Every structure is written in C-alpha cells, then in structure tokens.
Amino acid sequence: MINRRQWCEGFIWYGVIIPLLFFTCIFEASAETVEISRSPRMQNFNKLAYGAANQNWDVATSEAGYIYFANSVGLLQYDSKRWELFPTKEMLRAVMPVNHLIYVGGKDILGYYEETHQGLIYHDLTELIDFQDEIWKIIPVAEKIVFQSFKALYIYDGKRIRQQNLTGNLTTYAYGVRDHLYYHESHGALVKVNLEGGRQVFEEQMLKQWKVKFIYELEQDQLLLGTLRHGLFLYDQEGIIPLDNELSELLKKYQINKAIPLPQLGWFAFATMNQGVLIAHLDGRIRHHLDTQNGLSDNRIHGLAYKNGALWVGTENGISQVVLDDPLYFFHDPLVQLGAIEDAIAFDGHYYIGTNQGVYVSDGALEDPDHRLELIPGTDGQVWKFSIVHGALFCGHNDGVFQLQGKVARKISSRGGAYQLIAPRDKEDLMITTGYRGLEVYQKSEGDWKHLRFIPGFDQVLHYLLPLEDGSYLASGPNKNLWQFRLDEKCVKILELEDLRVDAQLKNSGNLKLDFWAGEALIIDKDSVFRFNQDGISAGPEELQGVQEISARNGDFHLLNQRGQLVLWDLKKGQRVSLPKHVERQADLQIFGKEKLIPFGAALFFIPIEKGFEILNVAQLNDGTTPAYAPVLRGISWKNERTDEFFENIEQDEIPYAYNSVNLRFTDFNYLEEVPYEYQLSGYHQEWMLLGGQENLTFGNLPAGQYQFLLRNPAGDVFPLTDFEISPPWYKNSWSILLYVMFLISLIGLAWKWHQLRMRKLTLEMLQRKRMLLKQQRQENEWRLKEMERLQLEEEVSESNRELSRIMARHGKNRELIGKLREEVNKLKDKGNIGQTKALTKLHDIIDNNLDEVKDWQVFESAFNQKHANFFTHLKKAHPQLTAEDLKLCAYLKMHLSTKELAPIFNITPKSVEVKRYRLRKKMDLPKEKSLQEYLDNF
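Residues numbered from 1 in each chain as written. Predicted model: local features only at pLDDT ≥ 70, side-chain atom pairs only at ≥ 80, totals over all residues. Heavy atoms only, no water.

With respect to the overall build of the chain
The following threshold applies: Note on conventions: DSSP H or I runs of at least 4 residues are helices, E runs of at least 2 residues are strands, and numbering of each starts at the N terminus. Burial classes follow relative accessibility: with a 1.4 Å probe on protein chains only, a residue under 20% of its type's maximum area counts as buried, one over 50% as exposed, and anything between as partly exposed. For this analysis, residues touch if any pair of their heavy atoms sits within 4.5 Å.
Across its full length, the chain holds twelve helices and 65 strands. Expressed as a percentage of its 939 residues, the buried residues of the chain come to 47%. At a minimum sequence separation of 6, the contacts of the chain that also span at least 24 residues come to 48%.

Pasting the structure below:
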C-alpha cells in the first residue's frame, strides 16, 4: 500500500520533474533545429465565406471562367467576386461543366444546370431513367456525358440515358482516355470500356494487390497508375513498371485519393487522404507539400481543379486556392521558433538566417518543399548583420564576430557588439567592423582573421559604414550619430573627422541608415531620404520620399518599403516596376521597426515577416492586371425608388421610367489578383471612374435615355458589358410625343384656322367698316345730297311758299282791291244811269269772274300738292274730322301765312282768323304747349 509520502514523491517526480525535463528538451530541440515548409500563396474559404457546408467533394472549372464545387448541400458557384449556392435535395458528389451546361451528380441526383440570364436553371435527368444510385464522378467522353457510380455508368447523349453496369463488387473512379474509359475493380483487373459496350480486361497479378485511384495517359498506350497505398506505376505493353522515387514513396505513406495533371507547369497535383496535397514531377521532385501547417484548410482532400495558375482544392473542411505560378513564396514558422529575423544571406551552397536567437543554416535548395534549419553551435544570441568580406562570410553578433563556413562558426573576436564588416580600399588583409565600441580593425594572419586594434576617436555606437568615392567613410549609429571621417594608410588612426549631427536637415532624425542608390550615398531616416556628396547633405530623390527601408542593390533592382507598400525600382530603366497588389501588401506582414529587405541571390529578395519569411523572385513577376477572361455582367436589376419594387424582366430592351435605378453585378474571373478597373456609364458619365474592387454598382434616378456600361483595364482595353435604354416617362414617350405633336399640329391648325377666321373676321370687319364707312359716307353724301336737295327743295318750297304767299298776298290784295272795286261799282251802279249801269254791270261781271274762289283754290291746291305731296292725305288720315275749310286753313298755315295774310283770303277779319285757328286746334286735339305751326310742318 502506497503511503502519502510515496504518493507525493511520485507526483513530484512523474507529474512535475519529468514533464518539465521533457518540454525543456523539446524546446531546446525546437530551438536548435527548426522545420519549416515552403508554400505558394494560398487563400482559404470557410463555410461562412461561401455560405454552405464544410465538405466539398468535387471541384471543376468552366470555359466561361466559373469555379464549381460539389458541396454537401448543393452546387457552389464562384466567379472571383461572389459565391452563390444552388441547394440540392441530397448530398452532391460530382460536378463537371461542359460548354454552358454544368452536370451534377450525387445521392439520387442526376442532372445538369443551364446557364441563363436569370442564373442557373436545373434540369432533372432522373425523369429519363429509373434511378436510385449515387453518382461519384462525371466524365465527358466521345461527345457524351458519363455519370459514374461505383456499380454502373449512366451514359447521356443529350436526349436519352443508357445504363451500363460495371463488373466487380467495388470499383474506383473511372477516367476518360480519348474515346475510352478505364476503371479498376478493387483488388482486381483493370478494365477498358467503350461507350458502345466493348470491354477489354487487364489481369496482371500486381493489379490484384492494389486499389488504383488515378489513371492518366502519359503517351499513347502508356498509362500512369496511382494506387492507394503502393505508390505510382507506369503501365504499357512491356508491363507494369514502378516509379522508384521520393514522390512515389511519399504517396505510399500519404495515400492517393485523387490526382490531376498540371500541363501548363509540367507537374502533377496529388490529393491525399490525410496529408494534404503534393505538387510534384514524376521524376520524384517535390515542388510543394501543402497541408494545414503551411496554410491549407484541411489535410483530407476530395477534389482538385487547375485553371490559369490557380489550383482549387476541395477539402473536408472548406476550400483553398493555391497560386502555383507566383513570384512570392512563403516559408512558414507558425510558432516563431526562429525568433525575430535580423538578416539573411545565401552563400556557398547554404543560406543563413540571423535572428535574436542565433545563426540558422540550411543546405537545402529554396525550391525544396521542406526545410531543416539548424542553429549553428556557439552562435546563440542576438545576430546583427552578415557581411561578405574578401570572399569570406562573417556575422556581426552581440557576442562578437563570427566567421561562418558551412554549418560551422568560428569566433574570431569575443569583444561583444559587432555589427557591420567592410573591407578597406586596397587592403586585402584588413577589415573594419562597426559595433558597440565604435570602429575595430581585423587582420588576416596565416589564413585566420584576428582582432588587431580599436581605432580611437569614437566613443559612440556605430552601425552602418559606407566607403565613399573620395576614400573617406560615412558612419552612422543610433541617437542621430552621423560622421564623415578619413583613415590613415594603415587604418590606425583618424586623420579627419566631421560631426554631421549638427546639420539642420537632420534635426528630427533618429537611427540613420546608410546605403547607395544609383551610385549616390544615401542617408535614410524614418520616412525621409537625403543625399550626401561633396556639397554636403541635401534632399534625396523624389521617388524615395516616404521610404522606411531600402534593400541593397540586387542586379538592376532595389526593393523598397515605401509608405506601407513594397516597391520595386529598376535602376537600369530608372522607373518603378509594377508589382501585383498582393506583393505590395506584404509590407503589412513585416514586424514594425524590423522592415528588412535583403538581396538573397540573383533576382531574389528575402523578406522577414511575423511568422517566417518570404522569397520574392522578380524574374517571375507578372503584374496580374491582364485577366484570362474578359469581364462579364453577372446580373442586372431595376428598382422603383418610390415603391421599392424591382423590375425583373432583364431581357427587355427598354426599361420603364419608374424603374430608373439600376444595379449592375459583374466579374472579371481574375482569381489571382484584383485588377484596378475603371468604369464609365456612357450617357451619364463623361470621365472614367476608379472601380476600387467593387463587384456591383448602383446608379439611381437615371434620366430617360440610352446607356452603355463600360469597364477599362490598366492596359487600356475597353469592355462594353451591357446596353440599355430607360424609357421616358409616360408624358415623354413616343405616343405622348406623337400626341403632343398631333395636339400641337392641331393647335397650330386651330390657331391658323383661328388666325384665318380672325383675319377673315378682321378683313370682314374692315370691309364692313369700309362698307359702313362707305355707307356712312354714301348716306352722309346722300344725306348731304338729300339735305342739299331738301334744303334746295325747302328753299324751292320756301321760295314756292314765299311765291305762293306772295301770290296769295297779292291775290288777297287783289281780291280786296277787286272787292272794293265791286263795292264802288255797286255804289256807282246804284247812283248811275242806265248806260253807266250796263257798263258797270259788265264791269261787275268781270270782277265776279276774277273773284271765283273755287277756281282760285283749285289753282292753289294744285300748286301746293306739287310742293307738299300727300300732305292732305296724311292730314286727313290723322284727322279725318277736318272739313274742306279746315284743310284750306292747314294748307295756308303750312305756307306760314300770317293771320293778317289769311284774313283777306277767307274774306274775314283777323280776329275771325284767330277764332278759326282756335277751332282747328280743338278739332285736332292739340295740347296747349304744342305749336300748331310746328305740328303742321311735320306733315
């Protein structure tokens, strides 16, 4: 029985001491040897990114540019900008685009999707055949589509489906080779079939030991066979030949699930059951081993597809995009076992990495997928800088200076704090070192380098040393230290020393770095750059402003960290080299304050990042701005902003004006790099606008008119994506305009008619006025004429009346005279004799004959009627009661005869005339105020 003390001792020993020792050993081992893997650029998509299930069973690319994934819950479509899921009733296992059709298969799924303007439309082929099976692969062969399950082939010719059962209990995936299919009966024969039922069986004994997972025709009648656990084999007329190389050995261990050729690269991609993806050549060279340690989303791989430099990987847990043809490669150190990297260099078949933990070395090639970095014994601690001097490699270290040869370091000085080493001009046996104590000199003696002396004159820490053309040196260090000095011939003492810290341009400087740029000495401080020459310090080149780090020259190139982006400068051309956007953004991964950019061989740059490092090969640069496909319109929708309704008929040429807000969705199928497109809506924009990575644009409240949406890439190529026309509002459409025109024409017609009528009316009125004027003139003339005639007549009448009056007056006087004569004759007759009597009687008869009143009246009446026709008629009509005597009085009054003149006519007294007038008024019933004379004048 264990007592309490024994239990405590056991717990301390086994529970504390042993695990502590174990983890200490692990830590020490990890610090002394670091395993890192090389991988290309990768991007992972999890289920949240693409909006479906974790598992992706198959991957395929279409000629149009889309990437399709057979996901557990449906078909996934990706266009480099947007994911779209088309759900299926059961688990989808296989996908294969052919032209504009996307064939799919799975559990009880057999059909295809058709690409239309409205998106993908599904056509179910199970209606053509009694189908209860699970499709695992789809193969286009001889212009037919073959859906493969593990027990049958379903051959679709575009109209009908024919079922062809497979032999054997279990089969692997079938592969199309020209007009035939090959498949392997699990642990049995290899079968070659044609689609008409022909069958050829290969029953080599070795095949019965394997499970063939991959079949590919390398040359005519030579097949590459990939087995689950036995590696790779070549199979031709001479038999089965194993590929005895590293690749085949790895695949025996990793187990092939699927594989595809990469013809553009001359490689193959092998999907394994649980060890990720191997990118390799059949000669055994492994280019990449992709797994979760270097960025792959999962190690169990179900599907592979390759298109235009990108490998698409469908895994058990997400999707990965791997860019195989990229200038940038990553070396992952996820646990940061190397520490913070200070410097790196490739030298004499090895490459060295100096960190705050020491010097690590590897003799592997950079192209190798896996790298073993070993800590060189004795170099533990802070490494500052590597320098090649007189053909030898040295390391400036916190503990002194080391000379590196292969995987061995020899300390040549224990005087701590060495930084940079350079060779003095024309001194093959000397070198100068900067460090904590200023300047030190080392000398080569009997093949070995040894510390020789300190150079007095400096009591400051120095980092950078730059030999100038005039034989002097420029030295800098932290805390604004900057000097120019000149040494004697033997590098014993300083002959000239100038403190440049007082220069006004450096008043805000910090730690100064020194380098050359196009033959000029540069002083680099934070984001400012200055030139240094015989004239002193001046502003640096404009193209270098904002630079935090400049690499040493590598061939014709410098690599810069400028304003948070990597920039490549071509010294030969004197211009900036266009870098892909993802390369420019690598500056974001560097550690602040340690933005190192290090030449690492011909056209190679070493870039330390937070968890590892990157290698940039400028010889492989492609700016990525020329997509493999032209951009296309993915969708278009129209919205009524007032009602939030959408107009769905996207095939209609003319869009109703109410739906004048348009949303355009598009893509360029550029999966490798974002292209800085510009866009223009012709008819709305006059200038090109920067797209800025957007996948859709909305234009609201567009006026009526014709539009064309255009994209333009950096090369100047213009792509018209769509044309559309927004109809004018109802009050501006063609019918309305026609109506308006008709109305306007009618209005003009009416106006013209009205004008004509008005002109006619005006003319008529004018004519009428003229006529009236003429009439008036005529009437006036007539009136004047009549008036003249009247006046003349009146004058004549008056004259006649006056004449009649005079005649009547004379007649009255004559009568009066004759009357008196008659009285006198009568008196004489009474007094005279008979003879006189006879004479007087005869005279009396003559007088009586001349005094005939009736005859006198008739003469007067005839003369009166000539002047005043119808007078008596009208008078009698008005006053029928008038007598003849009354009418005579009226006629005489009409003639304006006075009472005195009337008395002799009537042979009465004037008073009797008045009485006569009075009686006439009474008969006429004239009021008192009415003048008898005026009354008669109106007749």
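Focus on the pattern of salt bridges
Formally: A pair is scored as a salt bridge if a Lys or Arg side-chain nitrogen falls within 4 Å of a carboxyl oxygen belonging to Asp or Glu.
All chains considered together, the criterion is met by 31 salt bridges. A salt bridge links D108 to K107; the nearest nitrogen and oxygen atoms lie 3.7 Å apart. Take D108: its relative accessible area is 25%, and that puts it in the partly exposed class. The partner of K407 in a salt bridge is D363, with the nearest N and O atoms 3.5 Å apart.

Regarding the nonpolar core
Using the following cut-off: Definition used in this section: a nonpolar core is a set of buried Ala, Val, Leu, Ile, Met, Phe, Trp, Tyr and Cys residues joined via side-chain atoms within 4.5 Å.
In terms of nonpolar packing, the biggest core is built from 34 residues, with L232 and F270 touching the most fellow members. Only β14 (175-177), β18 (212-219), β19 (222-227), β20 (232-236), α3 (246-254), β22 (256-262), β23 (267-272) and β24 (277-280) provide two or more residues apiece to this core.

Concerning the sheet that holds strand β45 (residues 494-499)
Note the following rule: Two strands form a pair only when DSSP identifies at least two bridges running between them. Axis definition: a line fitted to C-alpha atoms, limited for helices to the stretch in contact. Angles are taken between N-to-C directions and run from 0 to 180 degrees.
Strand order in the open sheet made by the four strands is β42-β43-β44-β45, with antiparallel pairing throughout. Each edge of the open sheet carries a strand with a single partner, namely β42 (464-467) and β45. Neighbour-to-neighbour, the strand axes of this sheet turn through a mean angle of 20 degrees, independent of strand direction.

Here we look at the side chain of D326
Take D326: it is sitting in the loop between β28 (318-323) and β29 (328-332). The residues contacting D326, other than those within four sequence positions of it, are R41, H582 and Q620.

Examining the packing of aromatic side chains
Our working rule: Two rings from Phe, Tyr or Trp (for Trp, the six-membered ring) form a pair when their centres sit within 6.5 Å of each other. Planes less than 30 degrees apart are called stacked, planes more than 60 degrees apart edge-to-face, and all others tilted.
On inspection of all chains with the given rule, the structure shows 51 aromatic pairs. Between the aromatic rings of F69 and W312, the centroid separation amounts to 6.1 Å while the plane-to-plane angle is 70 degrees, which identifies the pairing as edge-to-face. Highlighted residues: F69 in strand β3 (residues 67-71) and W312 in strand β27 (residues 310-315), separated in sequence by 243 residues. Since its relative accessible area comes to 0%, F69 is described here as buried. Given a relative accessible area of 1%, W312 falls into the buried group. Residues W312 and Y671 carry aromatic rings whose centres are separated by 5.2 Å and whose planes lie at 85 degrees to one another, so their mutual orientation is edge-to-face.

As for the confidence of the model for the chain
The condition that has to hold: What pLDDT expresses is the predictor's confidence in each residue, scored from 0 to 100.
Averaged over every residue, the pLDDT of the chain is 86; residues scoring 70 or more account for 88%. Note on residues 1-30: pLDDT under 50 across the span, and nine contacts to partners over four residues away in sequence or across chains.

As for the packing of helix α8 (residues 871-878) against helix α9 (residues 884-894)
What counts here: Angle categories are assigned with fixed cut-offs, so that under 35 degrees is roughly parallel, over 145 is roughly antiparallel, 65 to 115 is roughly perpendicular, and the rest are oblique. Less than a right angle of anticlockwise turn of the near helix away from the far helix marks a crossing as left-handed, whereas a clockwise turn marks it as right-handed. Each residue gets one of three labels, nonpolar for Ala, Val, Leu, Ile, Met, Phe, Trp, Tyr, Cys and Pro, charged for Asp, Glu, Lys and Arg, and polar for the others, Gly among them.
As a packed pair, α8 and α9 sit with axes 11 Å apart at the nearest point and diverge in direction by 125 degrees. Classed by the angle they form, the pair α8 and α9 counts as oblique. The handedness of the crossing between α8 and α9 comes out as right-handed. Of α9, the residues touching α8 (which contributes F871, F872, L875 and K876) are L887, C890, A891 and K894. Of the residues that constitute the contact of α8 with α9, the class distribution is six nonpolar, no polar and two charged.

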